Amino acid sequence: MIPDVISPGALKSEEEHRRDICTAGRWFFERGYVAATDGNVSLRLDPRRILTSPTGISKGMMTPDDMVITDMEGRKQSGRRNPSSELAMHLLIYRRRPDVNAVCHAHPPVATGYAAAGLPLNKALVSEIVLSLSCIPVARYGTPGTPELSEAIEPLVQSYDAILMANHGVVTYGADLLTAFFRMETTEHFARVALVTELLGKQVLLSSEDVEKLLAARARYGLQTAATTSAECPVTTGSAATDRITLTRQELEALIEEAVRHDRARR
Ligand SMILES: [Zn+2]
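Residues numbered from 1 in each chain as written. Predicted model: local features only at pLDDT ≥ 70, side-chain atom pairs only at ≥ 80, totals over all residues. Heavy atoms only, no water.

The next point concerns the overall build of the protein. What the protein contains, in helices and strands, is 8 helices and 8 strands. Considering only C-alpha atoms, the protein reaches an extent of 80 × 40 × 30 Å along its principal axes. With 267 residues in all, the protein has 46% of them scored as buried. Long-range contacts, defined as pairs at least 24 residues apart, comprise 63% of the intrachain contacts of the protein with a sequence gap of at least 6. Taken as a whole, the protein presents about 13600 Å² of accessible surface, with 55% of it coming from carbon and sulfur. (Helix = DSSP H or I, 4+ residues; strand = E, 2+ residues; numbered from the N terminus. Buried < 20%, exposed > 50% of the residue type's maximum accessible area, 1.4 Å probe, protein only. Contact = heavy atoms within 4.5 Å. Areas by Shrake-Rupley, 256 points an atom, 1.4 Å probe, with all protein chains shown as cover.)

Let's shift gears to the coordination of the zinc ion. Four donors placed tetrahedrally around a metal ideally meet at 109.5 degrees, and six donors placed octahedrally ideally meet at 90 or 180 degrees. The coordination sphere of the zinc ion contains the protein donors Glu86 (OE), His105 (NE2), His107 (NE2) and His168 (NE2), at a distance range of 2.1 to 2.7 Å. In the primary structure, the donors to the zinc ion are separated according to the pattern E-x18-H-x1-H-x60-H. The exposure class assigned to histidine 105 is buried, which follows from its relative accessible area of 0%. We classify histidine 107 as partly exposed; its relative accessible area is 22%. (Donors = N, O, S within 2.8 Å, 3.2 Å for Na, K, Ca; no water.)

Turning next to unusual backbone geometry. Phi is mostly negative for residues that are not glycine, and the peptide bonds are mostly trans. For alanine 36, which is not glycine, the phi torsion reads 50° and is therefore positive. Within the secondary structure, alanine 36 sits in the loop between helix H1 (14-30) and strand E1 (40-46). By relative accessible area, alanine 36 is classed as exposed at 62%. You will see that asparagine 167, though not glycine, has its phi angle at about 55°, which is positive. With respect to the helices and strands, the residue asparagine 167 is situated in the loop between strand E7 (162-165) and strand E8 (169-174).

Turning our attention to the packing of aromatic side chains. Using the criterion set out here, one finds 4 aromatic pairs in the structure. Grouped by ring-pair contacts, the aromatic residues Trp27, Phe28, Tyr33 and Phe181 constitute a single cluster. (Phe/Tyr/Trp six-rings, centres within 6.5 Å; stacked < 30°, edge-to-face > 60°.)

Let us now look at the environment of arginine 49. With respect to the helices and strands, arginine 49 occurs in strand E2 (residues 49-52). By relative accessible area, arginine 49 is classed as partly exposed at 25%. Each C-alpha atom, one on arginine 49 and one on methionine 72, is 6.0 Å from the other, the two residues being 23 residues apart in sequence. Those residues in contact with arginine 49 that lie beyond four places of it in its chain are Glu14, Leu43, Arg44, Ile69, Thr70, Met72 and Gln77. One polar contact links arginine 49 to aspartate 46, side chain to side chain, over a distance of 2.8 Å. (Polar contact = N/O pair within 3.5 Å; in protein donor to acceptor, adjacent residues only side chain to side chain.)

Here the focus is the nonpolar core. By size, the foremost hydrophobic cluster in this structure holds 42 residues, and its most contacted members are Ile21, Phe28, Cys104, Leu121, Leu164 and Leu177. Sorting the residues of this core by element identifies H1, E1, strand E5 (102-106), helix H3 (109-117), E7 and helix H6 (177-200) as the ones contributing at least two each. Per element, the largest residue contribution to this core is 8 residues, and it comes from H6. Met72, Ala139, Ile163 and Cys233 belong to the second largest nonpolar core, which has 23 residues in total. (Core = buried A, V, L, I, M, F, W, Y, C linked by side-chain atoms within 4.5 Å.)

This brings us to the pairing of E2. With 4 bridges connecting them, E1 and E2 associate as antiparallel partners. The residue of E2 that forms the bridge with serine 42 is threonine 52. Adjacent in sequence and paired antiparallel, E1 and E2 are bridged by 2 residues. Sheet topology places E2 next to strand E3 (residues 68-71); 4 bridges connect them, and they run antiparallel. Residue pairing in the sheet places arginine 49 in a bridge with aspartate 71 of E3. (Pairing = 2+ DSSP bridges.)

Three or more residues of H3 are buried, namely Val110, Ala111, Thr112, Tyr114 and Ala115. Taken together, the buried residues of H3 touch strand E6 (138-139), E7, E8 and H6.

A few words on the side chain of asparagine 40. Position of asparagine 40 relative to the elements: it lies in strand E1. A residue is classified by how much of its surface remains accessible, and asparagine 40, at 2% relative accessible area, is buried. Side chain to side chain, asparagine 40 and glutamate 86 meet in a polar contact 2.9 Å long.

Okay, structure coming up:
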């Protein structure tokens, strides 16, 4: 039986870790974060070994003995199945981030839509997101299953806990599997909220002062994230990146009329 619970923490028996990956895979499947055999989940068993979901199986249908154990170079040590070709990307994250013990990769449709549009989820639209992830950048495109994929995310791994992968999907990671999974859920949820603001044609961003207060609160709550804030992360009312204004048809017509009048007067 696969429990519908993942307890916090990374110090668990190998059996529990195997069940946890099955649970995370099932949550991916149930929430529509993956189709067919997409996606992969891994965790650090100890300093030299990784436990990972196998390739070629629906992440909603895995059993604990489907899991594969590899070394830090991705060489299989045990398991009747084979690891995913995207494992190299997970290994890069484990190498660059000693604080990370679990990695989730999926193709949740709204966040992947942003990735396919080349749009980062970097606006200060929702206070909880500023608190948790600050912003989610887009890594340039890399062919799946090749070193290009790892090279594309490498510059961002150190400074963010969730990354959109252009024309592909999302990767999230954290100190334990529950944190890595929650970051995937948060990314897709925020993408949905951001999409609704686009549909409504209006976005009211928080100011940099609002963001500073949230960052102070984050420190008080003891929330941990690698995300470093900058002028671009998250984008606030004062940022240059928000140099986009909206006008009503009437306002636009009035502006054009005035410009034409000015032009005529000059001739
Ligand atoms: Zn993928």
